[in-house]
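Architecture at a glance
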Amino acid sequence: MYSQGLIGADGSTNETQEFLDRFQARIDAEQKIEPTDAMPEGYRRTLVRQIGQHAHSEIVGMLPEGNWITRAPTLRRKAALLAKVQDEGGHGLYLYSAAETLGVSREEMTEELHSGKAKYSSIFNYPTLSWADMGTVGWLVDGAAIMNQIPLCRCSFGPYARAMIRVCKEESFHQRQGYEIVMALAKGTPEQKEMAQDSLNRWWWPSIMMFGPHDADSQHSDQSMAWKIKRFSNDELRQKFIDATVPQAEYLGLTIPDPDLTWNEEKGGYDHGEIDWSEFWRVVKGHGPMARDRIRDRKKAWDDGAWVREAALAHAEKRRARKIAAE
Ligand code: FAQ
């Protein structure tokens, strides 16, 4: 049994050192931790927090693109966008299920999202103003998500790692469909290219903020890396993303809106300009441009869907009663 209820007021756990050492030895031996295994309460809580936030990000992340389904320029674009948004809903559901194996219910997690207690990715608090944003979201936001999630396929917690395998395959399709939209615009008329550039200008900085604070300011990284929940630090992943994305922008003939972006031969990667951390924290703390709308829309969807959940439960109950009666 994990030591639920043994957490002190300062948030630390009081499991014995021997228990923590035995757990760490399993992690170091690359054994997967499964829901019924003994685990430190801090490990369980870290996963509930991260997987819950990740699930909320997928679900809230349906909104900025859902907004454009009716306005997609062709049937082919509409079908692809519709499929992408449905995939995001599916990712949210796998992730809520993975978190539920740790003893927290979907209703509790949803309540935390609606009350503002649980976070979701800062990126989804920005508005999607033009069709080009559908391309840029796929290219940059899904691109950043993949960079972060590929290492999560090797996360020490089994259900999260396994969920990530399918999620990453689908994110890869999302990234390509986004890049293809931007490519069509960048190679199109001057007005279309301008639309793509304007979109890149608005999404670049929020996308590189998705990786979280600098390592020195990341409160959870050290412990999460020791427990092999995270395999790379926030700055390492941000660097990998920038290095992969700059040549993609060059191929499109678009300019990344960072005058300080320069190749650093010594480190074999790009140096970038200062990130506006005050904007990041403002958005993370719930003051992003679309924050109020996102939560309002999610609450409405939850309330409007109540009858579906009630009907599904009533149907399951009827089937169960029929099965018992027939036995
Ligand atoms: N936004 O100590 P750290 C997607 C918070 S999925 C908001 O470094 P950690 C798919 C952090 O929670 C995108 N909050 O934290 C898609 C913590 O606050 P807390 C989501 C952020 O956990 C594409 C505090 O700052 N992906 O996009 C952010 O070790 C297109 C200190 O930070 C995941 O969730 C942020 N950007 O590292 C869908 C991946 N960054 O909890 C639709 C899994 C940090 O103490 C369309 N998550 N914070 O109150 C992770 O890998 C990690 O949780 C990090 C943060 C890397 C996000």
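Residues numbered from 1 in each chain as written. Predicted model: local features only at pLDDT ≥ 70, side-chain atom pairs only at ≥ 80, totals over all residues. Heavy atoms only, no water.

Bringing the packing of aromatic side chains into the picture now. The tally for this structure, following the rule as stated, stands at 10 aromatic pairs. When the centroid spacing of 4.8 Å and the interplanar angle of 75° are considered together, the rings of phenylalanine 280 and tryptophan 281 count as edge-to-face. Among the residues examined, phenylalanine 280 registers a relative accessible area of 5% and is labelled buried. Judged by its relative accessible area of 33%, tryptophan 281 is partly exposed. (Phe/Tyr/Trp six-rings, centres within 6.5 Å; stacked < 30°, edge-to-face > 60°. Buried < 20%, exposed > 50% of the residue type's maximum accessible area, 1.4 Å probe, protein only.)

In this section: helix H12 (residues 291–304). Compared with an ideal rise of 1.5 Å per residue, which puts 14 residues at 20 Å, H12 spans 20 Å between its outermost C-alpha atoms and is within 8% of the ideal. Listed in full, the buried residues belonging to H12 are Ala291, Arg294, Ile295, Arg298 and Trp302. Looking straight down H12, one finds that the buried residues subtend no more than 90° of arc, so they occupy a single side. For H12, exposure combined with an orientation more than 90 degrees from the buried face picks out Arg292, Arg296, Lys300 and Asp303. Buried residues belonging to H12 abut helix H2 (41–60), helix H3 (62–66), helix H5 (106–115), helix H11 (277–287) and helix H13 (306–326). (Helix = DSSP H or I, 4+ residues; strand = E, 2+ residues; numbered from the N terminus. Expected span 1.5 Å × (residues − 1). Arc of directions from axis to C-beta. Contact = heavy atoms within 4.5 Å.)

Another aspect to go through is the side chain of threonine 245. Secondary-structure assignment places threonine 245 in helix H10 (residues 234–252). Note on threonine 245: relative accessible area 3%, which makes it buried. In this structure, threonine 245 is in contact with Trp139, Leu140 and Trp204, ignoring residues within four places of it in sequence.

For the pair helix H7 (residues 158–186) and H10, interaxial distance at closest approach is 10 Å and the crossing angle is 30°. Contact residues: Gln175, Tyr179, Val182, Met183 and Ala186 in H7; Gln248, Tyr251 and Leu252 in H10. Of the residues assigned to the contact of H7 with H10, the class counts are six nonpolar, two polar and no charged. (Axes fitted to C-alpha atoms, helices over the stretch in contact; angles between N-to-C directions. Nonpolar A, V, L, I, M, F, W, Y, C, P; charged D, E, K, R; others polar.)

The next subject is the site of the ligand. If you check the shell around the ligand, you find 36 residues, and the closest are Lys119, Ser218, His220, Lys230 and Asn234. A distance of 2.7 Å is found between an oxygen atom of the ligand and a side-chain nitrogen or oxygen belonging to serine 218. With respect to the ligand, the side chain of asparagine 234 contributes an N or O atom lying 2.8 Å from an oxygen atom. About the coverage of the ligand: the protein hides 93% of its 1100 Å² of free accessible area. Residue assignment for the shell around the ligand shows that the elements contributing at least two residues are H2, helix H4 (75–100), helix H6 (132–149), H7 and H11. The leading source of residues in the shell around the ligand is H2, at six residues. Residue composition of the shell around the ligand, grouped by class: 13 nonpolar, 14 polar and nine charged. (Near = heavy atom within 4 Å. Polar contact = N/O pair within 3.5 Å; in protein donor to acceptor, adjacent residues only side chain to side chain. Areas by Shrake-Rupley, 256 points an atom, 1.4 Å probe, with all protein chains shown as cover.)

Bringing the packing of H6 against H7 into the picture now. Axis separation between H6 and H7 bottoms out at 7 Å; the angle between their running directions is 145°. The two elements H6 and H7 meet at a crossing, and its hand is left-handed. Residue classes in the contact of H6 with H7 are distributed as 12 nonpolar, 10 polar and two charged. (Left-handed = near helix turned anticlockwise from the far one by under 90°.)

With that settled, consider the environment of serine 218. Take serine 218: it is sitting in the loop between helix H8 (190–209) and helix H9 (221–226). Taking C-alpha positions, serine 218 is 7.9 Å from asparagine 234, a pair spaced 16 residues apart along the chain. Those residues in contact with serine 218 that lie beyond four places of it in its chain are Pro213, Lys230 and Asn234.

The subject of this paragraph is empty space enclosed by the protein. Applying the stated rule across the entire model yields two cavities of 30 Å³ or more. Its volume calculated, the largest cavity comes out at about 50 Å³. Considering the residues around the largest cavity, the lining is formed by Ile59, Tyr96, Arg106, Thr110, Leu113, His114, Arg298 and Trp302. Counting residues per element, the ones that place at least two in the lining of the largest cavity are H5 and H12. Among the elements that take part in the lining of the largest cavity, H5 stands out by supplying four residues, more than any other. Grouping the amino acids of the lining of the largest cavity by side-chain chemistry returns four nonpolar, two polar and two charged. Roughly 30 Å³ of volume is contained in the second largest cavity. Every residue lining the second largest cavity is listed: Pro64, Ile123, Phe124, Val137, Val141 and Trp203. (1 Å grid on protein atoms, 1.4 Å probe; cavity = no way out; pocket = protein on both sides within 12 Å on 5 of 7 lines; lining within 4 Å. Points joined across faces, edges and corners; volume = space filled by probe spheres on them.)

A word on the nonpolar core. Formed by 49 residues in total, the largest nonpolar core has its most connected members in Trp131, Trp139, Trp204, Phe241, Ile242 and Leu254. Counting only elements with at least two residues in this core, the list comes to H4, H6, H7, H8, H10, H11 and H12. Residues contacting leucine 254, with those up to four places away along its chain left out, are Trp139, Val182, Ala186, Lys193, Ala196, Gln197, Leu200 and Ala249. Counting 26 residues, the second largest nonpolar core, distinct from the first, contains Phe23, Ile33, Ile51 and Met164. (Core = buried A, V, L, I, M, F, W, Y, C linked by side-chain atoms within 4.5 Å.)

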